[in-house]
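Residue-level structural notes
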Amino acid sequence: MLGATFMGVKLGILGLGTVGTGTVKLLQDKNGRHPLLQDIEIYRVGVRSLDKPRDVQLPEGVITTDLEGIVNDPEIDIVVELMGGLEPARTLILKAIANGKHIVTANKAAISRFGAEIFTAANQAGVYVMLEASVGGGIPVIQPLKQSLSVNQISAVTGIVNGTTNYILTRMQTEGSDFADVLADAQKLGYAEADPTADVDGWDAGDKIAILASLGFGGRINREQVYCEGIRQVSKTDIAYASKLGFVIKLLAIAQNVKNGHRDNSLLSVRVHPTLVPQTHPLASINGVYNAILVEGEPIGQVMFFGPGAGEGATASAVSADILNLVANLKTNHAHLNPTLACRHQHYSEIAPISELVTRFYTRFLTEDHPGVIGQLGTCFGKHGVSLESVVQTGFHGQLAEIVVVTHDVREGDFRQALAEIAAMPAINSIPSIFRVL
Ligand SMILES: NC(=O)C1=CN([C@@H]2O[C@H](COP(=O)(O)OP(=O)(O)OC[C@H]3O[C@@H](n4cnc5c(N)ncnc54)[C@H](OP(=O)(O)O)[C@@H]3O)[C@@H](O)[C@H]2O)C=CC1
Ligand SMILES: N[C@@H](CC=O)C(=O)O
Ligand code: NA
């Protein structure tokens, strides 16, 4: 709680997995780092199993399975939630807040879904919820959006915010391999989780862009309204075609102001999908497990944040910085919440449906190989106001011709209507790939 006399700070950490272990190691390794680390005591660490071997040394009795006991313990000032998942993380965070404890969390899944409830409770209790590690792992992006860039009018936040999918796409690009083979290898190497769904289906990136959109555009985001499409349908064929056309395929998380309105009444497009990115774009060269977030605003122009989006040490760096920020605040004994650290907005941003998006499209068709097919495609697209930037017929799949089309900017709803008509044409065998183009 704010306003108390400073006595050093006691942490209750929930979770001692990858990020919890990294955080404990970093907080214990005080030499040559920030002097405020001296004021921090790791008081309790909550885990599921007491029998698991741990990679850190902690005094007897610090590790416990009683997580309720941690969030209710009057000695604890800050609860550091590093367990992940929706429940019991949500309930424990809310109990800790009700008990006047500040929160540090890396949990994008819980924050993107329960942020409204959590931040409302925190403001009422006069405590902070810090979440730097929740997006881009060790990359500072949450605090820059809240503080360093706070006077800008943000027009777009575009990120590669999932390391697993960026690793898979990068290897597909460099080796010419298929998605399933690279995924299996990434799992063997420990880059992708045993259940890779949240990463490869775009949900993890969806959670992260919901958080970035909320901070960038100053309104709450309904997570259900974030459009999410993953990378399962990206094939080596499309990566090769994209390359010939001057693009790389990246899983982008995008939040864009689509109505040039005032910050408080803007209309946002918030979405995750595989995207053809021009090879000259700053995000095109972000490879492997790295993340990058490009923020565009006025008057700043473009700023890009790049670095390790996950991993023990990198994520611990972000968690520990949040803890230090809170320690500094507790030490200076403010009576009111600092508005550049607390959540300031209560209204929900209006989110445009994906059908209203205006973008370019890349589409690959497999068709009968006879004269007039390209003409039929062009006529149907023209009827729906879809103008074509390029049409190439370069290859064959057995008896079928392969035609790749890139459109000019078009309203997605109109494009989909045209595609539905095209799909029903007798000459069209299938439409294996449809991707948006940046
Ligand atoms: N790993 C990374 O690089 C990154 C992770 N994050 C986020 O950080 C958070 C933690 O991730 P990570 O460290 O990888 O997760 P891990 O699975 O490695 O660790 C989770 C920890 O929480 C404990 N835990 C989980 N559920 C319970 C429960 N119900 N009761 C008691 N203890 C529980 C586990 O206990 P036990 O050890 O006994 O099993 C374990 O110590 C997640 O929100 C994740 O999304 C964010 C950025 C990067
Ligand atoms: N699974 C995530 C890591 C944590 O945020 C990723 O692959 O980027
Ligand atoms: Na971060």
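Residues numbered from 1 in each chain as written. Chains lettered and ligands numbered in written order. Predicted model: local features only at pLDDT ≥ 70, side-chain atom pairs only at ≥ 80, totals over all residues. Heavy atoms only, no water.

Bringing the overall build of the protein into the picture now. Check the secondary structure of the protein and you find 13 helices and 18 strands. For a compact globule of 438 residues, the expected C-alpha radius of gyration is about 22 Å, and the protein comes in at 24 Å, within 12% of that figure. Seen along its three principal axes, the alpha-carbon backbone of the protein occupies a region of about 80 × 50 × 35 Å. Of all 438 residues assigned to the protein, the portion counted as buried reaches 54%. (Helix = DSSP H or I, 4+ residues; strand = E, 2+ residues; numbered from the N terminus. Rg over C-alpha atoms; globule rule 2.2 N^0.38 Å. Buried < 20%, exposed > 50% of the residue type's maximum accessible area, 1.4 Å probe, protein only.)

Once that is clear, we can look at the site of ligand 1. Around ligand 1, 22 residues are found, and the nearest of them are Leu-16, Ser-49, Lys-52, Arg-54 and Gly-311. The separation between an oxygen atom of ligand 1 and a polar side-chain atom of Lys-52 is 2.6 Å. Summarising the interface, the protein chains cover 78% of the accessible area of ligand 1, which totals 900 Å² for the free molecule. Its residues assigned to classes, the shell around ligand 1 shows ten nonpolar, eight polar and four charged. (Near = heavy atom within 4 Å. Polar contact = N/O pair within 3.5 Å; in protein donor to acceptor, adjacent residues only side chain to side chain. Areas by Shrake-Rupley, 256 points an atom, 1.4 Å probe, with all protein chains shown as cover. Nonpolar A, V, L, I, M, F, W, Y, C, P; charged D, E, K, R; others polar.)

On to the layout of surface pockets. When its volume is computed, the second largest pocket comes out at roughly 380 Å³. Around the second largest pocket sit 26 residues that line it, and Gly-115, Phe-119, Ser-214, Cys-343 and His-345 are the ones nearest its centre. Among the secondary structure elements, those contributing two or more residues to the lining of the second largest pocket are α4 (108-125) and α9 (203-217). Broken down by element, the lining of the second largest pocket gets its largest block of residues, seven residues, from α4. Residues that form the lining of the second largest pocket fall into these classes: 15 nonpolar, six polar and five charged. Taken together, domain 1 (9-137 + 313-331) and domain 2 (142-308) each give at least three residues to the lining of the second largest pocket, which thus spans both. (1 Å grid on protein atoms, 1.4 Å probe; cavity = no way out; pocket = protein on both sides within 12 Å on 5 of 7 lines; lining within 4 Å. Points joined across faces, edges and corners; volume = space filled by probe spheres on them. Domains from an automatic or database assignment.)

Turning to the coordination of the sodium ion (ligand 3), a few remarks are in order. Surrounding the sodium ion (ligand 3) are the protein donor atoms Glu-132 (O), Glu-132 (OE), Val-135 (O), Gly-137 (O) and Ile-139 (O), which sit 2.3 to 2.7 Å from the metal. Read in sequence order, the donor residues for the sodium ion (ligand 3) give the motif E-x2-V-x1-G-x1-I. In this structure, Glu-132 and Ile-139 share a single accessibility class: buried. (Donors = N, O, S within 2.8 Å, 3.2 Å for Na, K, Ca; no water.)

On to the site of ligand 2. The environment of ligand 2 is formed by Lys-108, Asn-162, Gly-163, Thr-164, Asp-199, Asp-204, Lys-208 and Ala-310. Between ligand 2 and Gly-163 there is a distance of 2.7 Å, counted from an oxygen atom to a backbone nitrogen or oxygen. Between a nitrogen atom of ligand 2 and a side-chain N or O atom of Asp-199, the distance comes to 2.9 Å. For ligand 2, whose accessible area on its own is 260 Å², the fraction buried by protein is 81%. Secondary-structure elements contributing two or more residues to the shell around ligand 2 are α6 (163-175) and α9.

On to the domain arrangement of the protein. Bring the parts together and some accessible area is lost; that lost area is often taken as the interface size. Parsing the protein into structural domains produces domain 1 (9-137 + 313-331), domain 2 (142-308) and domain 3 (355-437). Distance between the C-alpha centres of domain 1 and domain 2: 27 Å. Approximately 1,400 Å² of surface area, both sides summed, lies buried where domain 1 meets domain 2, with 60% of it carried by carbon and sulfur atoms. Our count for the contact surface shared by domain 1 and domain 2 stands at two salt bridges. The shortest N-O distance in the salt bridge between Lys-108 and Asp-204 comes to 3.3 Å. In this assembly, domain 1 and domain 2 are joined by six residue pairs in polar contact (both at pLDDT 80 or more). Sorting the residues of the side of domain 1 that touches domain 2 by element identifies α4, β6 (129-130) and α11 (312-332) as the ones contributing at least two each. With eight residues, the top contributor of residues to the side of domain 1 that touches domain 2 is α4. Looking at the side of domain 1 that touches domain 2 residue by residue, the class counts come to nine nonpolar, six polar and three charged. (Buried area = accessible area lost by both parts, 1.4 Å probe. Salt bridge = Lys/Arg side-chain N within 4 Å of Asp/Glu carboxyl O.)

Let us now look at helix α10 (residues 236-244). Within α10, burial applies to Asp-238, Ile-239, Tyr-241 and Ala-242. Buried residues of α10 fall within an arc of 165 degrees about the axis and therefore sit on the same side. Immediately downstream of α10, the backbone of Gly-246 shows phi near 95 degrees, a positive value. (Arc of directions from axis to C-beta.)

Strand order in this open sheet of six strands is β3-β2-β1-β4-β5-β6, and the pairing throughout is parallel. Every interior strand has two partners, whereas the edge strands, β3 (63-64) and β6, have only one. Pairing between strand β1 (residues 9-14) and strand β2 (residues 40-46): six bridges, direction parallel. Bridging from a neighbouring strand, Val-9 pairs with Ile-40 of β2. (Pairing = 2+ DSSP bridges.)

Turning next to the nonpolar core. Counting residues in hydrophobic clusters, the biggest one holds 74 residues, and the most contacted among them are Ile-97, Ile-168, Ile-209 and Leu-212. Tallying contributions element by element places α9 first for this core, with eight residues. Residue contacts for Ile-97: discarding those within four places in its chain leaves Ile-103, Ile-118, Ala-121, Ala-122, Ala-125, Val-127 and Val-129. (Core = buried A, V, L, I, M, F, W, Y, C linked by side-chain atoms within 4.5 Å. Contact = heavy atoms within 4.5 Å.)

Time to look at the packing of α4 against α9. In contact at an axis separation of 9 Å, α4 and α9 are set at 55 degrees when each is read in the N-to-C sense. Between α4 and α9, the interaxial angle falls into the category oblique. At the point where α4 passes α9, the crossing takes the left-handed sense. Contacts between α4 and α9 pair Lys-108, Ala-109, Ile-111, Ser-112 and Arg-113 from the former with Asp-204, Asp-207, Lys-208, Ala-210 and Ile-211 from the latter. Classifying every residue of the contact of α4 with α9 gives four nonpolar, one polar and five charged. (Axes fitted to C-alpha atoms, helices over the stretch in contact; angles between N-to-C directions. Parallel < 35°, antiparallel > 145°, perpendicular 65-115°, else oblique. Left-handed = near helix turned anticlockwise from the far one by under 90°.)

Under the defined criterion, the tally for this structure stands at five aromatic pairs. A ring pair is formed by Phe-381 and Phe-415, whose centres lie 5.9 Å apart and whose planes are at 5 degrees; its orientation type is stacked. On the criterion of sequence distance, the pair formed by Phe-381 in helix α12 (residues 373-383) and Phe-415 in helix α13 (residues 412-423) is long-range, its members being 34 residues apart. Taking relative accessible area as the criterion, Phe-381 reaches 0% and is therefore assigned buried. An aromatic cluster is present here, built from Phe-361, Phe-365, Phe-381 and Phe-415 joined pairwise through their rings. (Phe/Tyr/Trp six-rings, centres within 6.5 Å; stacked < 30°, edge-to-face > 60°.)

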